[in-house]
Amino acid sequence: MTNNIIEVKNLTVRFGNFKAVDGISFSVKRGEIFGFLGANGAGKTTTIRTICGILNPTSGQVLIDGHDVSTSTAVLKPKIGYMSQKFTLYPDLTVRENIYFAGSLYNMKREDIAKRARTVFDFIDMEERHIGGVVKNLSGGVKQMIALCATLLHDPQLVFLDEPTAGTSPKTRRDFWRLIKRLSENGKTIFLTTHYMDEAEYCDRIVLMDKGSIIACDSPEGLKKEFFKQNPIELYMNKPDYLIGVKAEFDSLGLGLSAVFGANLRVFPNDYESFKKFADKNKEKFYYKETSPSLDDVFLKALKSGGAK
Ligand SMILES: Nc1ncnc2c1ncn2[C@@H]1O[C@H](COP(=O)(O)OP(=O)(O)O)[C@@H](O)[C@H]1O
Ligand SMILES: [Mg+2]
């Protein structure tokens, strides 16, 4: 068995003439938390649905545990859990009924469902009073947690979560991430999509996707190193009035990229020596500190350059 649980090879998915996924290749290692990032329409959901075997590739290949997903549905179905971006529980059924229904889709026996339901409810710390309740009456956060229970019920080793925290409260997001970490510690492989850069920081590796293509793939730290040879520097003005003038001078000297962040100027110098001269000359106007690049910085630069330098 290879170390890669997923191998995607030159995958293209078309809807009519439109290429939603355009010849992408990557692999996911067993046990890692793998994050897919990209704007709406980038092709994240299409990629997930193809890896799960719900959509067929137009060309290319997806292997899970060495099995081609197009031809090995029966072998792979029990290994995969998929929490779709759209809410898929039945709103008029109770939580318990939804969970039994989810289990029946995997031909689980009632007593096995009961046992596993107990385990997953305990895992997410589900309050007992919710279990008999009708789903539509529950809060958005609890609904997401129940969708996660349904996804984990058959104990899949590979768990796909498509924007699991979109639109949920900060508390739910924190709770969700605590669970994702624990799933990963228990040896599960997690493949998720998110819009939140802070969540991307928690992933072992991330892919940045744009218009059906992968524009970068690495660990958060690796991406930062790849895209920023030089750390960004934050400039703190001694008087707020100095900000505009300092930016204008930095830009006119062609020292690198600059961006205003609140009262500060954030600069990405082309070379540190020239920046230092500039800073010495202006030392009565600002002081500065080297910072580390954020994933937002990486994403912007990747989109501008169409890939790593
Ligand atoms: N079943 C479909 N038929 C036609 N176009 C689709 C279909 N599913 C997705 N698309 C299009 O493919 C592109 C990628 O969609 P999607 O994979 O959902 O992106 P993401 O999840 O990154 O927001 C979008 O332009 C979307 O409109
Ligand atoms: Mg999507």
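Anyway, here's the lowdown on the structure attached to this text. All residue numbers refer to position in the chain's written sequence, counted from 1. Going through the entries in the order they are written, you letter the chains from A and number the ligands from 1. Side-chain atom pairs in this predicted model are given and counted only at pLDDT of 80 or more, local residue features only at pLDDT of at least 70, and totals for whole chains, interfaces and linings cover all residues.

**Describing the overall build of the protein**
Our working definition: The helix count covers DSSP runs of H or I at least four residues long, the strand count covers runs of E at least two residues long, and both are numbered beginning at the N terminus. Exposed residues have 12 or fewer other C-beta atoms within 10 Å of their own C-beta, buried residues have 20 or more, and residues in between are partly exposed; the C-beta atoms are placed from the backbone. Throughout, a residue-residue contact means that the two C-beta atoms, derived from backbone geometry, are no farther apart than 7 Å.
If you tally the helices and strands in the protein, you get 12 helices and 14 strands. On the principal axes, the C-alpha backbone points of the protein span a range of 75 × 45 × 35 Å. Here the protein, with 309 residues, has 34% of them falling under the buried criterion. Here the analysis covers contacts within the protein between residues at least 6 apart in sequence; of these, 70% occur between residues at least 24 apart.

**Considering the sheet that holds strand β4 (residues 59-64)**
The condition is simple: Only strands joined by at least two bridges in the DSSP assignment are considered to pair.
On the basis of which strands lie adjacent, the open sheet formed by 4 strands has the order β2-β1-β4-β5 and antiparallel pairing. Here the strands that pair on one side only, and so sit at the sheet edges, are β2 (18-29) and β5 (67-68). Bridge count for β4 against β5 is 2 bridges, and the pairing is antiparallel. Looking at β5, one finds that L63 is bridged to D68.

**Notes on helix α12 (residues 295-305)**
Turning to α12, its buried residues are L295, D297, V298, F299 and A302. Residues of α12 that are buried make contact with α8 (197-200), β9 (205-210), β10 (213-218) and α9 (220-227).

**As for the packing of α9 against α12**
To keep it simple, the criterion reads: For helices, the fitted axis covers only the stretch in contact; all axes are lines through C-alpha atoms, and the angles between them, taken along N-to-C directions, range from 0 to 180 degrees. For classification purposes, an angle smaller than 35 degrees is called roughly parallel, one larger than 145 roughly antiparallel, one from 65 to 115 roughly perpendicular, and anything else oblique. Here a crossing is taken to be left-handed if its near helix is turned anticlockwise relative to the far helix by less than a right angle, and right-handed if that turn runs clockwise.
One way to put it is that α9 packs onto α12 with a least axis distance of 10 Å and a crossing angle of 50 degrees. As the angle between them shows, α9 and α12 are arranged oblique. Of the two elements, α9 crosses α12, and the hand of that crossing is left-handed. Contacts between α9 and α12 involve P220, L223, K224 and F227 from the former and L295, V298, K301 and A302 from the latter.

**Things to note about the site of ligand 1**
Here is the rule we go by: Each residue gets a C-beta atom placed from its backbone. If that atom is within 6 Å of a molecule or strand, the residue is near it. Each residue is assigned to one of three groups, with Ala, Val, Leu, Ile, Met, Phe, Trp, Tyr, Cys and Pro labelled nonpolar, Asp, Glu, Lys and Arg labelled charged, and all others, Gly among them, labelled polar.
In the neighbourhood of ligand 1, the contacting residues comprise F15, A20, G38, N40, G41, A42, G43, K44, T45 and T46. Residue contributions to the shell around ligand 1 peak at 3 residues, all from helix α1 (residues 44-51). Classifying every residue of the shell around ligand 1 by side-chain character gives 3 nonpolar, 6 polar and 1 charged.

**Points about the sheet that holds strand β7 (residues 158-162)**
A sheet is described by the order of its strands in space; here 6 strands give the open sequence β6-β7-β8-β3-β9-β10, paired in mixed fashion. The open sheet terminates on both sides in strands that have one partner only, identified here as β6 (80-83) and β10. Between one strand and the next, the sheet's axes are offset by a mean angle of 15 degrees, whatever the strand orientation. Bridge count between β6 and β7: 4 bridges; the pairing is parallel. Within β7, the position partnered with G81 by the bridge is V159.

**A short note on unusual backbone geometry**
Even without glycine at this site, N10 takes up a positive phi of about 50 degrees. Secondary-structure assignment places N10 in strand β1 (residues 4-15). Using a count of 12 C-beta atoms within 10 Å as the deciding quantity, one classes N10 as exposed. Phi at N107 takes a positive value of approximately 55 degrees, unusual for a residue other than glycine. With respect to the helices and strands, N107 occurs in the loop between α3 (95-104) and α4 (110-124).

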